[in-house]
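Working through the structure, step by step
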Amino acid sequence: MMSDIYLLITIVRREYEEDYIDFFKKYEVHSQFGTLCNGTAQQKVLDYLGIEDSEKVMMQVVVSGDLSKRLLKKLVSEMGIDMPGSGIAITIPLDSIGGISSMKYLMEERTMQSEETIHINEMPYALIIAISERGSSDVVMEAARSAGAGGGTIIHAKGSESEFVSKFFGVSIADEKDMIYIVAKKRDKANIMKAIMERAGLSTKSRTIVFSLPVDSVVGLHSVMEE
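This write-up is about the structure you can find in this document.

Criteria and thresholds
- Residues numbered from 1 in each chain as written.
- Predicted model: local features only at pLDDT ≥ 70, side-chain atom pairs only at ≥ 80, totals over all residues.
- Heavy atoms only, no water.
- Helix = DSSP H or I, 4+ residues; strand = E, 2+ residues; numbered from the N terminus.
- Buried < 20%, exposed > 50% of the residue type's maximum accessible area, 1.4 Å probe, protein only.
- Contact = heavy atoms within 4.5 Å.
- Axes fitted to C-alpha atoms, helices over the stretch in contact; angles between N-to-C directions.
- Parallel < 35°, antiparallel > 145°, perpendicular 65-115°, else oblique.
- Left-handed = near helix turned anticlockwise from the far one by under 90°.
- Nonpolar A, V, L, I, M, F, W, Y, C, P; charged D, E, K, R; others polar.
- Expected span 1.5 Å × (residues − 1).
- Arc of directions from axis to C-beta.
- Phe/Tyr/Trp six-rings, centres within 6.5 Å; stacked < 30°, edge-to-face > 60°.
- Core = buried A, V, L, I, M, F, W, Y, C linked by side-chain atoms within 4.5 Å.
- Patch = residues over 30% accessible without salt bridge, like charges linked within 9 Å, V, L, I, M, F, W, Y side chains within 5 Å.
- Areas by Shrake-Rupley, 256 points an atom, 1.4 Å probe, with all protein chains shown as cover.
- Salt bridge = Lys/Arg side-chain N within 4 Å of Asp/Glu carboxyl O.

**Examining the environment of V76**
Topologically, V76 is positioned in helix 3 (residues 65-77). Its relative accessible area of 28% is what places V76 among the partly exposed residues. Between the C-alpha atom of V76 and that of V219, which follows or precedes it by 143 residues, the distance is 7.6 Å. Apart from the residues lying within four places of it in its own chain, the contact partners of V76 are I81, D82 and V219.

**Things to note about the packing of helix 1 (residues 17-26) against helix 3**
Packing of helix 1 against helix 3 leaves a shortest axis separation of 12 Å and a crossing angle of 140 degrees. With respect to each other, helix 1 and helix 3 are oriented oblique. Considering only the axes of helix 1 and helix 3, their crossing is right-handed. Only L71, K74 and L75 of helix 3 make contact with helix 1, whose side of the interface consists of Y20, F23 and F24. Here the contact of helix 1 with helix 3 is composed, by residue class, of 5 nonpolar, no polar and 1 charged.

**Things to note about helix 7 (residues 186-200)**
Here helix 7 is 15 residues long and its end C-alpha atoms lie 21 Å apart, about the 21 Å a rise of 1.5 Å per residue gives. Within helix 7, the full set of buried residues consists of I192, M193, A195, I196 and A200. Projected down its long axis, helix 7 carries its buried residues within an arc of 165 degrees, all on one side. In helix 7, those exposed residues whose orientation departs by more than 90 degrees from the buried face are R187, A190, K194 and E198. Along its buried surface, helix 7 packs onto strand 5 (125-133), helix 5 (137-146), strand 7 (176-185) and strand 8 (209-215).

**Side note on the packing of aromatic side chains**
Counted under the stated rule, the structure contains 2 aromatic pairs. Ring centres 5.3 Å apart and planes at 70 degrees place the aromatic pair F23 and F24 in the edge-to-face group. F24 carries the same exposure label as F23, and that label is buried. Connected via pairs of aromatic rings, a cluster forms that spans F23, F24 and Y27.

**Topic: the packing of helix 5 against helix 7**
Each pair of packed helices can be described by the angle between their axes along with the distance between the axes. Helix 7 packs onto helix 5 with a crossing angle of 140 degrees between their chain directions and a minimal axis gap of 8 Å. In terms of orientation, helix 5 lies oblique with respect to helix 7. Relative to helix 7, the crossing made by helix 5 is right-handed. Each of V139, V140, E142, A143, A144 and S146 in helix 5 lies in contact with helix 7, whose residues at this interface are I192, A195, I196, R199 and A200. Residue classes in the contact of helix 5 with helix 7 are distributed as 8 nonpolar, 1 polar and 2 charged.

**Here we look at the nonpolar core**
Core analysis: the largest hydrophobic core is formed by 20 residues, its most contacted members being I9, I90 and L127. Elements that contribute at least two residues to this core include exactly strand 1 (5-13), strand 3 (55-64), strand 4 (87-93), strand 5 and strand 7. Here I90 is in contact with L7, L8, I9, L127, V183, V215, S217 and V218, once residues within four sequence places are set aside. Counting 19 residues, the second largest nonpolar core, distinct from the first, contains F23, V57, M59 and L72.

**A few points about a nonpolar patch on the surface**
A cluster of nonpolar side chains, namely M197, L202, I209, F211 and L213, defines an oily patch on the protein surface of about 370 Å² accessible area. The dominant element in the nonpolar patch, judged by the number of residues it contributes, is strand 8, at 3 residues.

**Thoughts on helix 1**
Listing the buried residues of helix 1 in full gives Y20, I21, F23 and F24. When helix 1 is viewed along its axis, its buried side chains cluster within an angular range of 160 degrees and face the same direction. Pointing more than 90 degrees away from the buried face of helix 1 are the exposed residues E18 and K26. The elements touched by buried residues of helix 1 are strand 1, strand 3 and helix 3.

Laid out in structure tokens, this is it:
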């Protein structure tokens, strides 16, 4: 596992996009990856958080551990991301990067100051990612909610694959898909993933593939965070 390199993901309302682009540039993070998406929280959750079921933008940046901690604090103090309805930010430790050129591109040759290793088993949160047939996001989210999930974020995507993948699995990843991102407490992860596979797995019309990633930190998602 790599030492101290993280993927920082923020999901905010689309109208805040330019503000967040400027925010990251302010802290010399220029390699940003953004995409439009939609939230899936239930109406009672939306009402509680004071947000609308509006279009969102997901922004992803790769940063060092020291910078990720600094940015999370600044997202709260400067952008107010922890206020109800503002958004969410999470950090995920990277396992590997393919070559020094890729690292320089992603990190923009920023100096890494810490060598501390983060252990996956100590992380209290998980990012569950489900990839399903287009139009199946409601089925996936209903299954996830039945196991304790709050809400999720949907991205419409189209993948690419080898001929082997299509023949072996009987599922074409190259077709248009729904990608559902769900942040959950680690203790709920197994039940949520099990529910998704039972109700929307590869043996169903939804043909869902699901996996999870460890999440190091969360800000802005009160329904998931511990009191």
